[in-house]
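# Secondary and tertiary structure notes
Below are the chains, spelled out letter by letter.
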Amino acid sequence: ADKARRGEAMGSDVSMLKVWSMDTYQRLSELLIDAAGEYGVVEGEVAFAEFPRSALDEPIGALFERQAARFPHRVAAQGPRHSLTYADMDRLANAVAHAVLASRGPGLEPIALLFPHDALVLGAILGVLKAGKAYVALDPHHAPERLAAILRDAGARAVVADGTEVGRARAVAPADCEVLDAGVL
C-alpha cells in the first residue's frame with residue numbers, strides 16, 4: 001500500500017529531479033518533474049525507483065544512451081546558461097569521447113575538465129567516462145596556480161575545456177598536456 005501511495009503521489013512517469021530549486025534549503029529528493037514537465041514536492045517521501053541489479057554491470061554511458069533513446073527531447077540537465085535534452089547531452093558526450101580517444105587513445109588515465117558550473121560539464125563528464133577515462137574536475141574560479149598544481153598532481157595529459165575557458169586551460173596546462181576545445185567538437 002505504501003509503494004502504491006508513493007507511486008500515485010509521484011505520478012507514473014517521473015523523469016528527473018529538478019536540480020535548481022528556488023528554495024535552496026529544499027531537499028532534492030522532494031523535488032520531482034513529471035512527464036508533463038510539472039514539478040512539485042512529495043511531502044515526507046523520498047523518491048525511489050527500482051534499479052535492476054543487472055544494470056550494475058553496464059557502463060554508465062550505455063545506461064545513459066538507453067535513457068536518451070527513450071526520452072530524447074526531455075530536459076536532462078539545466079543550468080544558468082544552458083539547458084540540454086537527453087539527445088543533446090548524448091551528442092556532446094559522444095563528441096567529447098571521440099575527441100579524447102583521438103587525442104589520447106584507449107586506456108585508463110585522468111582527463112581534466114575545465115567548465116563553468118553549468119549543464120555542459122555533465123555532458124563532458126559523461127564523455128570522458130564513455131572514453132574509458134577518469135575525469136578530474138577543475139573549478140574555473142580557482143587561482144591559476146591551484147589549477148596548475150591539480151593538473152600536475154593528477155598527471156592529466158589532456159584538458160577538455162569549455163570554449164570560454166580554453167585560454168585559461170592553455171595558460172595552466174603543462175607543455176605536454178593537450179587542451180581540447182569543447183566549443184568546437
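Further up the page is the structure itself.
About the cut-offs
Residues numbered from 1 in each chain as written. Predicted model: local features only at pLDDT ≥ 70, side-chain atom pairs only at ≥ 80, totals over all residues. Heavy atoms only, no water. Helix = DSSP H or I, 4+ residues; strand = E, 2+ residues; numbered from the N terminus. Pairing = 2+ DSSP bridges. Axes fitted to C-alpha atoms, helices over the stretch in contact; angles between N-to-C directions. Phe/Tyr/Trp six-rings, centres within 6.5 Å; stacked < 30°, edge-to-face > 60°. Parallel < 35°, antiparallel > 145°, perpendicular 65-115°, else oblique. Contact = heavy atoms within 4.5 Å. Nonpolar A, V, L, I, M, F, W, Y, C, P; charged D, E, K, R; others polar.

Okay, the environment of His73 next. Tracing the chain through its elements places His73 in the loop between α2 (60-70) and β4 (75-78). Between the C-alpha atoms of His73 and Tyr86, which are 13 residues apart in sequence, the distance is 6.4 Å.

Moving on: the sheet that holds strand β6 (residues 110-114). Strands sit in the order β7-β6-β8-β9 across an open sheet of four strands; the sheet is parallel. Every interior strand has two partners, whereas the edge strands, β7 (134-138) and β9 (178-181), have only one. Each strand of the sheet is rotated relative to its neighbour by a mean of 25°, with strand direction disregarded. Summarising the sheet, β6 and β7 pair through five bridges and their orientation is parallel. When the bridges of β7 are listed, Pro110 appears paired with Ala134.

Moving on to the packing of aromatic side chains. Scanning the model with the defined rule gives one aromatic pair in all. Geometrically, the ring pair formed by Phe64 and Tyr86 is tilted, given 5.6 Å between the ring centres and 35° between the ring planes. Within this pair, whereas Phe64 is found in helix α2, its partner Tyr86 is found in helix α3 (residues 86-104), the two being separated by 22 residues in sequence.

Moving on, we get to the packing of α2 against helix α4 (residues 120-130). Running from N to C, α2 and α4 cross one another at 125°; their axes reach a closest spacing of 8 Å. Classified by the angle between their axes, α2 and α4 sit oblique to one another. Counted together, Ile60, Gly61, Phe64 and Glu65 of α2 and Leu126, Leu129 and Lys130 of α4 form the full contact between these two elements. Of the residues that constitute the contact of α2 with α4, the class distribution is four nonpolar, one polar and two charged.

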